[in-house]
Structure formats: structure tokens, C-alpha cells
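Residues per chain are reported as follows:
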Amino acid sequence: VIPPGFEPGTVCLEGRCSIQLSYETFCLKQRKNINSHQNKKEISIEIYFFTWAHLYLNNIALFSFVQSRNLSLHMLIKDPQWASFLQESIQRHQIDSIIDTLKSSKQIFYPKEELIFAAFDHSPLDQTNVIILGQDPYHNPGEAMGLSFSVPITKKVPPSLKNIFKEINTDLGIPIPSHGDLRHWAKQGVLLLNAMLTVAHQSPGSHRQIGWQAFTDQVIQDLSLHKSNLVFLLWGNYAQSKAALIDEKKHLILSAKHPSPLARGGFFGCKHFSQTNEYLIKHGKNPIDWSLPELKLF
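Residues numbered from 1 in each chain as written. Predicted model: local features only at pLDDT ≥ 70, side-chain atom pairs only at ≥ 80, totals over all residues. Heavy atoms only, no water.

(A) Up close: the nonpolar core. Core analysis: the largest hydrophobic core is formed by 65 residues, its most contacted members being Phe117, Ile132, Trp185, Trp212, Phe215 and Trp290. With near-sequence residues (within four places) excluded, Ile132 lies in contact with Ser148, Phe149, Trp185, Val190, Leu191, Leu192, Leu193, Leu233, Trp235 and Trp290. (Core = buried A, V, L, I, M, F, W, Y, C linked by side-chain atoms within 4.5 Å. Buried < 20%, exposed > 50% of the residue type's maximum accessible area, 1.4 Å probe, protein only. Contact = heavy atoms within 4.5 Å.)

(B) Up close: the pairing of strand 2 (residues 130–134). Across the five residues of strand 2, five count as buried, placing the element largely inside the fold. The alternating pattern of strand 2 places Val130, Ile132 and Gly134 on one face and Ile131 and Leu133 on the opposite face, and all of these are buried. Across five bridges, strand 2 lies against strand 3 (residues 190–194) in parallel orientation. What sits directly across from Ile132, in strand 3, is Leu192. Bridge analysis of strand 2 against strand 5 (residues 231–235) gives four bridges, and the strand direction is parallel. Counted as the bridge partner of Leu133 is Leu234 from strand 5. (Helix = DSSP H or I, 4+ residues; strand = E, 2+ residues; numbered from the N terminus. Pairing = 2+ DSSP bridges.)

(C) Molecular detail of unusual backbone geometry. The omega angle of the peptide bond from Tyr110 to Pro111 is -5 degrees, so this bond is cis rather than trans. Here Pro111 is to be found in the loop between strand 1 (109–110) and helix 6 (118–122). For Gln94, which is not glycine, the phi torsion reads 50 degrees and is therefore positive. Topologically, Gln94 is positioned in the loop between helix 4 (80–92) and helix 5 (95–104). Residue Asn229 is not a glycine yet carries a positive backbone phi of 55 degrees. By the element assignment, Asn229 lies in the loop between helix 9 (212–226) and strand 5. With relative accessibility at 21%, the residue Asn229 sits in the partly exposed group.

(D) Local environment of the sheet that holds strand 3. If you trace the four strands from one edge of the open sheet to the other, you get 3-2-5-6, paired in parallel fashion. Every other strand in the sheet has two partners, leaving strand 3 and strand 6 (252–256) as the edge strands with one partner each. Recorded for the sheet is a direction-independent mean angle of 20 degrees between the axes of neighbouring strands. One ladder, built from five bridges, connects strand 5 with strand 6; its direction is parallel. Paired with Trp235 across the two strands is Ala256, which belongs to strand 6. With respect to the sheet, helix 9 is in contact with strand 2, strand 3 and strand 5, its orientation differing from that of strand 3 by roughly 150 degrees. (Axes fitted to C-alpha atoms, helices over the stretch in contact; angles between N-to-C directions.)

(E) The pattern of salt bridges, seen in detail. With the rule as written, the count across this model stands at five salt bridges. A salt bridge links Lys103 to Glu113, with the shortest nitrogen-to-oxygen separation between them at 3.9 Å. Taken together, the positions of Lys103 in helix 5 and Glu113 in the loop between strand 1 and helix 6 put the pair ten residues apart, joining distant regions of the chain. For Lys103, a relative accessible area of 26% translates into the label partly exposed. Of the charged contacts, one joins Lys112 and Glu114 as a salt bridge, the two residues approaching to 3.9 Å between their closest N and O atoms. (Salt bridge = Lys/Arg side-chain N within 4 Å of Asp/Glu carboxyl O.)

(F) Seen up close, the environment of Ala263. Summarising the element assignment, Ala263 is placed in the loop between strand 6 and helix 11 (272–282). Put simply, Ala263 and Ser160 are 103 residues apart on the chain and 9.8 Å apart in space, counted from C-alpha to C-alpha. Discounting residues that sit within four places of it in the chain, Ala263 has contacts with Lys257 and His258.

(G) A look at the pairing of strand 3. Buried residues dominate strand 3, accounting for five of its five residues. Residues of strand 3 alternate between two faces, with Val190, Leu192 and Asn194 on one and Leu191 and Leu193 on the opposite face, all of them buried.

(H) Representation of the packing of aromatic side chains. A complete count under the given rule lists ten aromatic pairs for this structure. A centroid spacing of 4.8 Å and a plane angle of 55 degrees characterise the contact between Trp82 and Phe120, whose relative ring orientation is tilted. In this pair, Trp82 is assigned in helix 4 and Phe120 in helix 6, connecting sequence segments 38 residues apart. Just as Trp82 is buried, Phe120 falls in that class too. Ring centres of Trp235 and Phe267 lie 5.1 Å apart, and the angle between their planes is 75 degrees; this geometry places the pair in the edge-to-face category. Here Trp235, found in strand 5, pairs with Phe267, found in the loop between strand 6 and helix 11; they are 32 residues apart in sequence, far enough to count as distant. For Trp235, a relative accessible area of 2% translates into the label buried. By relative accessible area, which is 2% here, Phe267 ends up buried. An aromatic cluster of three or more residues is present, and its members are Phe149, Phe165, Trp185, Trp235, Phe267, Phe273 and Trp290. (Phe/Tyr/Trp six-rings, centres within 6.5 Å; stacked < 30°, edge-to-face > 60°.)

Here it is in C-alpha cells:
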């Protein structure tokens, strides 16, 4: 909303160019544009515009998506609901320090910085009803996209994800997709969360000790506390160790062997995908479409 009496181009230009200024300075700059007004009207417009400028700049500072590697951690979380929900956990667990440490280490890590919090960007908080917990991101170049088990369409589907697709096919009769990009699930409210949000190049589990687990544990606890009738899919011993963070009286916890081939088929037959949808429908929520649309590179 642009205050009355101001030219839209001028307001937008001044607003964008003055992001680094204090609000007081911002208003002093704008005061030059309203000197011709009567005193009473000038004061009224100035206060109104001050409030607008405060909200506009605050919104830019917290929630806009930018790719610069030198900007605040908060600016990497695009969804305003998640940014607010995670604010206390981010501060408590000093996530900005983790990011700074990673950048200063000169270590190659995945995913790239702007995708570290992609799980929250793709699954709207108010629609999040299912959580699939992974361990850490893929550790080869170009594979990790910030979503547990998911890979870009340009990459070969990993063995664990192949087994997930096989189980969905057996459970629900859905054809096995040709790619492993799971953003279609995320957009429906499936939070694809890794316990560790980064990993060093070709070194699985390398970032277990830098603080990510305390943060993601807090996320799981907060979701359990503040939401109702969620489904938590815990595959493998590591994911199942997180069950203690979840109130099983409020939510459904489904556990199974890990879908990795190393589990020797123990994942097959769990029927977690049909059980998830039955639970969601029972509690008045939309079921998940576990199919994946065909995606094209160009």
C-alpha cells in the first residue's frame, strides 16, 4: 500500500535504495517530498509513511530471497511463516554461527548455501502434515537439493529412493517415476527434513558435530508441540531415535527399516504411504498424491 500523495515510482525507488538506512534517516529523506503540505497534513502523512516504511523494510530484511553468500541467515528462509516459527530455534542454536563456520572453513559442502533450508521453503508451515526424516544430504556434486531423499531430475535416482518408489508402487499401485525430484510431495505438505542440513564433499556424516542435530531436534519437538495429527515417517535406527521427541498421543509415528538396499528388503511391505493417507483423511486433512509428475529439463 502506497501512502496518498506519493508517486509510486518515487516511493518504491526510495524504499529499495534505502534498505541500509535507519528508519529515521529514511523518513528524513521522504520529508523533503512533503514540505509543500500544510503542517497538520505533513505530520499525518509522515507518521503513516514511517509505519509503512518500517513494515516494508522489515519484510525485505527478514523474508526476501537473495543469493548473496554474505547476507544474513534469516534472508535464506523465504517463507515468512517458517521464518517466524524457526526464529527462536535459530537464535538458541546459533545457526548463523554454523553458517559462518562453514563458509570460513573453505570446505566444499552440500547443498549450496541457498538450498540449506529448502525443506522449509517448499513445504508451507500451515500445510505441513507429514514429516519424512532423513539423516544428511547426498554428498556428491549436484545431488543435494535440501530435501531428504530428493535429487534433481538431472541426476540418477539413488538406490534408497528407488526402493521408496517400489514400495509406493506395491502399496498404492502408483507407477514408478523416471526421476527423483520430490518437490511435488513437499508442496503438498510433506516436510522432507534431514537431521543434518549440510555435509562435506564425499564424506557422509561429516557434519554431525557442528550443531545441526540440536536445531532439527528442536524443529521436530516444536512441530509436535504446536501442531496436531501429523504423520512422522521414521525409517532406520537413526530416524527412529527421534521418536522420543514426538508426542505419540497427538501424532502418528510410522517406523520401518531404512529403504537402503543395505537393509536387505526390510523396508518393503511397510505400507506407510497408504497408512499416512488413511490417517490424514480420518482427521479431515487432504491425502498426499504420492505420484510424481513428469518433468522436462527445458
